[in-house]
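# Structure at a glance
What follows is the residue order along each chain.
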Amino acid sequence: MPEEERVAKLNYGIIGCGMMGQEHLRNIALLPDAAVVAIFEPDAGMRALSAEAVPSAKLVDSIEEVLAVDEVNCLLIASPNYLHLEQLEKIAAIRPLPVLVEKPLFTDPADAPRLAALRAAYPAPIWVAMEYRYMPPVARMIAEAAEATGGIRMLTIREHRFPFLEKVGDWNRFNRNTGGTLVEKCCHFFDLMRHILKSDPVRVMASGGQSVNHLDEVYGGQKSDIWDNAYVIVDFASGARAMLELCMFAEGARYQEEISAVGPKGKIECLVPGPGRFWPEHLGEPPVSQVIVSPRDPKGPHMVEIPVDPQLLEAGDHNGSTFYQHQRFQKAALGEQPVEVALDDGWWAVAMGLAAQRSAETGEVVNLPTEW
Ligand SMILES: NC(=O)c1ccc[n+]([C@@H]2O[C@H](COP(=O)([O-])OP(=O)(O)OC[C@H]3O[C@@H](n4cnc5c(N)ncnc54)[C@H](O)[C@@H]3O)[C@@H](O)[C@H]2O)c1
């Protein structure tokens, strides 16, 4: 961006401000040179909570009204999954500002051409929110992985966590709104796989379904169809393999994410606890993240704890990552660094999730396209 057009401060317009939108509000409040100036949130309860969090923000009734607020110079989309793409298209048509859009970028495989059109024409940065990359223990593991493993050949991501929380209007109880659990929840992990392995996937095999959670839940006469467990195996172009194990009825576990990478030299692991607010008080302090390096020769696992700033833990459920992601998004919005999680990355993460859903449904291996 030329010097004369640079803005000293980012003024966010927020589109959708429920649970995650409010985590963003709390994190933006911790950033220097950033403010939230306009919020579009249709639900009365969430609007009231948003107003309480940022009393100075203007509450408006549409995307058009957010874009009409002159001071707004960047946007955050944190609405339900199935709205992200159409909202990006609307913004593109009216006032294409830098946008941080929550994952998943889209939910329907037929939407790929619309995304390609957006990629070709959007004149400002679009950053897809993939918080897991920015969790301090995950970032540390990624930084050390090449040296610790001698080149990753196997990568395993296990998430054992609590069931899906309740959302406004129960939108997350149906695959048609979320893209399916392997898109909604697991696009994060597919993004991590590509990011860590620095390679694109070629094929996916999966088994998954709804085994324990939401089985008796009915909304508007329709039974919830959202899956709660899966195994997914992914082959990468580089020859590396990755596996995801998801279980959403395992909130009793000490750690929520357990990521391991192994290569000819050794193994590196990272253990990440779930949100501290869910850790029972009578058990004392919540667990602290760990990174463990285990060389093959000489043997001797070495563990370091990676504590996260308590203020950042307090501001959200994602181990401080929402804050670190905004720091980098801000720089990208100001033209000071490239976008790190671009539309391409957002597309791949969803394409992998959709392929995994299809593989589990059909019992067949699903090949991924080489481009879109
Ligand atoms: N990156 C992460 O780790 C992470 C974590 C949680 C949620 N998310 C994503 O954030 C998004 C929001 O999820 P949530 O958990 O906050 O759900 P939520 O239901 O709490 O919030 C969504 C909000 O969007 C509002 N909304 C509905 N229709 C809208 C419209 N047309 N325009 C604008 N807003 C509208 C709803 O009223 C609601 O308040 C989802 O895409 C979800 O996948 C990401």
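Counting from 1, residues in each chain are numbered in the order their sequence is written. Local features are withheld for residues below a pLDDT of 70 in this predicted model, meaning they are given only at 70 or higher, and side-chain atom pairs are given and counted only at 80 or more; totals for whole chains, interfaces and linings count all residues. Based on all heavy atoms of the structure, the side-chain values leave hydrogens and waters out of the count.

### Observations regarding the domain arrangement of the chain
Each domain's extent is set by a domain assignment, obtained either automatically or from a database. Considered domain by domain, the chain is made up of domain 1 (3–131) and domain 2 (132–316 + 343–367). A separation of 25 Å is found between the C-alpha centroids of domain 1 and domain 2. Taken together, the contact between domain 1 and domain 2 spans 27 residues of the former and 29 residues of the latter. Summed over both partners, buried area is the accessible surface (1.4 Å probe) that two parts give up on being assembled. Here domain 1 packs against domain 2, burying approximately 2,300 Å² in sum over the two surfaces, 68% of which is carbon and sulfur. If you sort the residues of domain 1 by the area they bury against domain 2, F106, M130 and E131 come out on top, with a joint share of 26%. Salt bridge, as used here, is a side-chain nitrogen of Lys or Arg placed within 4 Å of a carboxyl oxygen of Asp or Glu. Between domain 1 and domain 2 we count two salt bridges in total. The residue D344 makes a salt bridge to R119 at a minimum N-O spacing of 2.6 Å. Whenever two N or O atoms come within 3.5 Å, that pair is a polar contact, provided that in protein one can donate a hydrogen and the other can accept it, and provided that, for residues adjacent in sequence, both atoms are side-chain atoms. Viewed at the interface, domain 2 and domain 1 are joined by 12 residue pairs in polar contact (both at pLDDT 80 or more). Secondary-structure elements contributing two or more residues to the side of domain 1 that touches domain 2 are α1 (19–28), α5 (112–121) and β6 (126–129). Note on residue categories: nonpolar means Ala, Val, Leu, Ile, Met, Phe, Trp, Tyr, Cys or Pro, charged means Asp, Glu, Lys or Arg, and polar means any other residue, Gly included. Partitioned by chemical class, the residues of the side of domain 1 that touches domain 2 number 17 nonpolar, three polar and seven charged. Two residues form a contact once any of their heavy atoms are found within 4.5 Å. We count a stretch as a helix when DSSP gives it H or I for four or more residues in a row; a strand needs E for two or more, and each element gets its number in order from the N terminus.

### Describing the pattern of salt bridges
Tallied over the entire structure, the rule returns 19 salt bridges. Linked through salt bridges whose partners overlap, the residues forming this network are R133, D191, R194, D200 and D345.

### Remarks on the packing of α1 against helix α11 (residues 321–333)
Running from amino to carboxyl end, α1 crosses α11 at an angle of 65°, the nearest separation of the two axes being 9 Å. For the element pair α1 / α11, the angle class is roughly perpendicular. The element α1 and its partner α11 pack so that their crossing is right-handed. In this structure, α1 contributes M20, E23, H24, N27 and I28 to the contact, and α11 contributes T322, F323, Q325 and H326. Residue composition of the contact of α1 with α11, grouped by class: three nonpolar, five polar and one charged. For helices, the fitted axis covers only the stretch in contact; all axes are lines through C-alpha atoms, and the angles between them, taken along N-to-C directions, range from 0 to 180 degrees. Oblique is the label for every angle not falling under 35 degrees (roughly parallel), over 145 degrees (roughly antiparallel), or within 65 to 115 degrees (roughly perpendicular). Note on convention: near helix rotated counterclockwise from far helix by under a right angle means a left-handed crossing. Clockwise means right-handed.

### Side note on the packing of α5 against helix α12 (residues 343–362)
Two elements in contact, α5 and α12, have axes whose closest approach is 11 Å; the angle formed by their N-to-C orientations is 170°. Between α5 and α12, the angle falls in the class roughly antiparallel. For the pair formed by α5 and α12, the contact residues are A112, L115, L118 and R119 on the first element and L343, D344 and W347 on the second. The residue makeup of the contact of α5 with α12, split by class, is five nonpolar, no polar and two charged.

### A closer look at the layout of surface pockets
As a volume, the largest pocket reaches approximately 860 Å³. Lining the largest pocket are 44 residues, and of these M19, M20, K167, W171 and E184 lie nearest its centre. Looking at the lining of the largest pocket, the elements with two or more residues in it are α1 and α4 (84–94). For the lining of the largest pocket, the domains that each give at least three residues are domain 1 (3–131) and domain 2 (132–316 + 343–367). By volume, the second largest pocket amounts to about 440 Å³. Only protein atoms enter the calculation, which uses a 1 Å grid: trapped sets of points that fit a 1.4 Å probe without letting it out are cavities, open sets showing protein on both sides within 12 Å along at least five of seven lines are pockets, and any residue with an atom within 4 Å of a point is a lining residue. Around the second largest pocket, the lining comprises 22 residues; the ones closest to its centre are P275, G276, P286, L313 and E314. Residue classes in the lining of the second largest pocket are distributed as 11 nonpolar, six polar and five charged. Grid points are joined across faces, edges and corners, and a volume is the space filled by probe spheres set on the points.

### Describing α4
The set of residues buried in α4 consists of H84, L85, Q87, L88 and I91. Within α4, the buried residues cover an arc of 165° as seen down the axis, which keeps them to one side. Residues of α4 that are buried make contact with β1 (10–15), α3 (63–68), β4 (74–77), β5 (99–102), α5 and β6. Here the term buried applies to any residue with accessible area under 20% of the maximum for its type, exposed to any over 50%, and partly exposed to those in between, with areas from a 1.4 Å probe on protein chains only. Arc, as used here, means the arc of the directions from the helix axis to the C-beta atoms.

### Examining the site of the ligand
Whether a residue is near a molecule or strand is decided by its heavy atoms; if any one of them lies within 4 Å of it, the residue is near. Lining the immediate surroundings of the ligand are 27 residues, of which M20, E41, N81, E131 and K167 lie closest. Interatomic distance of 2.9 Å between a side-chain N/O atom of K103 and an oxygen atom of the ligand. In the environment of the ligand, an oxygen atom lies 2.8 Å from a nitrogen or oxygen atom belonging to the side chain of W171. With the chains in place, 90% of the 830 Å² that the ligand exposes on its own is no longer accessible. What decides whether a molecule sits in a cavity or pocket is whether more than half of its atoms lie within 2 Å of the grid points. The pocket occupied by the ligand, as judged from atoms lying within 2 Å of grid points, is the largest pocket. Among the elements of the structure, α1 and α4 are those that each provide at least two residues to the shell around the ligand. Computed with the Shrake-Rupley method and a 1.4 Å probe, the accessible areas treat only the protein chains shown as cover for residues.

### Observations concerning the pairing of strand β15 (residues 290–295)
The buried fraction of β15 is high, at five of six residues. Examined bridge by bridge, strand β14 (residues 266–272) and β15 share six bridges and lie antiparallel to one another. Within the sheet, the bridge partner assigned to I268 lies in β15 and is V293. A pair of strands is labelled paired if DSSP reports no fewer than 2 bridges between them. With antiparallel pairing between neighbouring strands as the criterion, β15 and strand β16 (residues 302–305) make up a hairpin whose turn holds six residues, including G300 at a positive phi of roughly 150°.

### Here we look at the nonpolar core
The set of buried Ala, Val, Leu, Ile, Met, Phe, Trp, Tyr and Cys residues whose side-chain atoms join them within 4.5 Å is what this entry labels a nonpolar core. Grouped together as the largest cluster of nonpolar side chains are 111 residues, with contacts concentrated most on Y12 and M193. Examining the composition of this core, we find that 11 residues originate from one element, α12, more than from any other.

### Brief notes about the sheet that holds strand β17 (residues 366–367)
The sheet built from nine strands is open, its strands ordered β16-β15-β14-β13-β7-β12-β11-β8-β17 with mixed pairing. Whereas interior strands pair on both sides, the edge strands pair on one side only; in this sheet they are β16 and β17. Sheet analysis places strand β7 (residues 154–160) next to strand β12 (residues 241–247), joined by seven bridges and oriented parallel. Opposite R158, over in β12, you have E245 as the bridge partner. With respect to the sheet, helix α9 (residues 187–197) is in contact with β7, β8 (201–209), β11 (229–236), β12 and β13 (257–262), its orientation differing from that of β7 by roughly 155°.

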